[in-house]
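Structural overview for review
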Amino acid sequence: MTIRNILVSTDFSDASETAFKQALRFANSLGATVHILHVVDELEPGWYGVDDARKRATALRSTIKQEATSMLDEMVPDDANVHVNTHVSMQLSFDVAATINEYAAERDIDLIVIGTRGQTDRSPYAMGRVASQVIQEAPCPVLAAAESAPWTRGRDPLTDVVAPIDFSEASYRAYSYARFMAHAFDATLHLAFVAESRTVPLFSDTGLPSIQTVEMPAEIVENSRAALQHMIDHADGPSVEHKIHIEKGEPAAAVLDLIERKGIGLAVIATRGHSGLKRLLLGSTTRRLLRMASCPILTLRADRDDT
């Protein structure tokens with residue numbers, strides 16, 4: 001597994017600035033080239049129907065592109081120590097996510113880095129529309145970064161990576177990718193299996209509803225540690241330090257708690273696991289981690305083979 005080209009998309013928001021810093025961080029550890037992309041919706045002069053308007057619109061497009069290019073160049077620090085390409089895309093449609101993914105496909109991008117929210121996304125607990133669409137349709141893994149994460153305030157090394165495992169095929173692929181990342185950063189890889197508790201409705205003879213919490217069978221919980229160890233021992237990949245965690249409760253909440261307790265710097269997860277419906281490209285656990293985790297989340301599409 002190699003990562004030679006990293007694409008970071010920016011709209012100059014706080015989240016995309018954080019995404020750019022993470023792209024440089026990963027590029028330094030992986031020896032990759034960084035591509036910076038800014039997408040601008042093109043002003044079509046033909047809409048105005050007069051020559052004078054055409055000239056003004058053409059001049060405006062040129063000005064926008066020049067200013068955006070200058071801003072991209074200014075983003076690159078003098079001590080970046082990585083090769084950086086900048087590109088401003090002027091497009092006719094308003095589908096920014098599609099332009100990002102097309103750029104990635106056409107230039108053999110191995111990893112997309114994007115802020116979870118853009119300039120127009122105001123809710124602190126919502127994932128932006130563009131980020132969500134990029135993650136769902138990207139031709140390669142996507143690293144999502146939020147501007148409020150505590151690791152953005154310092155330059156501490158990435159020492160801990162977590163991979164939630166539900167023993168689905170998608171989670172096995174996410175584990176392989178997490179192992180590669182942990183080796184690249186000389187980090188400890190935490191494998192987390194969550195013995196999920198479910199709340200189900202019950203109905204008595206009287207017809208009155210009630211609820212009951214159903215725990216995962218004890219034998220499954222007992223066997224999970226051995227299954228994780230077997231995966232570590234037999235999976236291909238570089239040698240890294242592993243730690244196994246068996247948690248109980250709701251999967252997203254358990255992983256979020258583990259991230260906080262262990263100071264995890266990166267989570268690697270498939271977009272959909274065992275519980276994700278095939279018609280839903282983002283599983284509920286992945287979506288919640290993307291919205292609430294205090295570390296960047298690296299997602300792999302469940303319907304792709306990125307190993």
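Attention in this report is confined to the structure presented alongside it. Keep in mind that this is a model prediction, so the values were computed, not measured.

1. A word on the packing of helix 3 (residues 96-106) against helix 4 (residues 129-137)
Close contact between helix 3 and helix 4 brings their axes to 8 Å; oriented N to C, the two are set at 40°. Of the possible angle classes, the one that applies to helix 3 and helix 4 is oblique. For helix 3 against helix 4, the interelement crossing comes out right-handed. Facing V96, A97, A98, I100 and N101 of helix 3, the residues of helix 4 in contact are V130, Q133, V134 and E137. The residue inventory of the contact of helix 3 with helix 4, partitioned by class, reads six nonpolar, two polar and one charged.

2. A word on the packing of aromatic side chains
Any aromatic ring pair is given by two values, namely how distant the centres are and how the planes are angled relative to each other. Here the structure, examined in full by the defined rule, presents four aromatic pairs. Look at F26 and F185: their rings are 4.9 Å apart centre to centre, the planes differ by 70°, and that puts the pair in the edge-to-face class. Of this pair, F26 sits in helix 1 (residues 14-30) while F185 sits in the loop between helix 5 (169-184) and strand 7 (188-196), and the two are 159 residues apart along the sequence. Taking the relative accessible area as the measure of exposure, F26 reaches 0% and is therefore buried. A relative accessible area of 13% places F185 in the buried class.

3. Notes on the packing of helix 1 against helix 5
One way to put it is that helix 1 packs onto helix 5 with a least axis distance of 9 Å and a crossing angle of 80°. The orientation of helix 1 relative to helix 5 falls into the category roughly perpendicular. From helix 1, F26, S29 and L30 reach across to helix 5, where they touch F180, M181 and A184.

4. Points about the pairing of strand 5 (residues 142-145)
Burial of the side chains of strand 5 extends over both faces: V142 and A144 are buried on one face and L143 and A145 on the other. As paired strands, strand 4 (residues 111-115) and strand 5 are joined by four bridges and run parallel to one another. Bridge pairing in strand 5 links I112 to V142. Direction of pairing for strand 5 relative to strand 12 (residues 297-300): antiparallel, over a ladder of three bridges. Looking at the pairing, V142 lines up with T299 of strand 12.

5. Section: helix 5
An α-helix turns once every 3.6 residues. As a result, residues three or four positions apart point the same way. End to end, helix 5 covers 23 Å across 16 residues, agreeing with the expected 22 Å (1.5 Å per residue, within 8%). Looking at helix 5, one finds that the buried residues are A170, S171, R173, A174, Y175, Y177, A178, R179, F180, M181 and A182. A positive phi of about 55° marks D186, the residue just after helix 5.

6. Observations regarding the pattern of salt bridges
Applying the stated rule across the entire model yields five salt bridges. R288 is the salt-bridge partner of E250, the closest N and O atoms lying 2.9 Å from each other. Residue E250 is located in the loop between strand 10 (242-249) and helix 7 (251-262), and its partner R288 is located in helix 8 (residues 284-292); the two are separated by 38 residues in the primary sequence. Classification of E250 as partly exposed rests on a relative accessible area of 33%. Residue classification places R288 among the partly exposed positions, given a relative accessible area of 29%. When the shortest N-O distance is used, the salt bridge between D257 and R261 registers 2.4 Å.

The rules behind the values
- Residues numbered from 1 in each chain as written.
- Predicted model: local features only at pLDDT ≥ 70, side-chain atom pairs only at ≥ 80, totals over all residues.
- Heavy atoms only, no water.
- Axes fitted to C-alpha atoms, helices over the stretch in contact; angles between N-to-C directions.
- Helix = DSSP H or I, 4+ residues; strand = E, 2+ residues; numbered from the N terminus.
- Parallel < 35°, antiparallel > 145°, perpendicular 65-115°, else oblique.
- Left-handed = near helix turned anticlockwise from the far one by under 90°.
- Contact = heavy atoms within 4.5 Å.
- Nonpolar A, V, L, I, M, F, W, Y, C, P; charged D, E, K, R; others polar.
- Phe/Tyr/Trp six-rings, centres within 6.5 Å; stacked < 30°, edge-to-face > 60°.
- Buried < 20%, exposed > 50% of the residue type's maximum accessible area, 1.4 Å probe, protein only.
- Pairing = 2+ DSSP bridges.
- Expected span 1.5 Å × (residues − 1).
- Salt bridge = Lys/Arg side-chain N within 4 Å of Asp/Glu carboxyl O.

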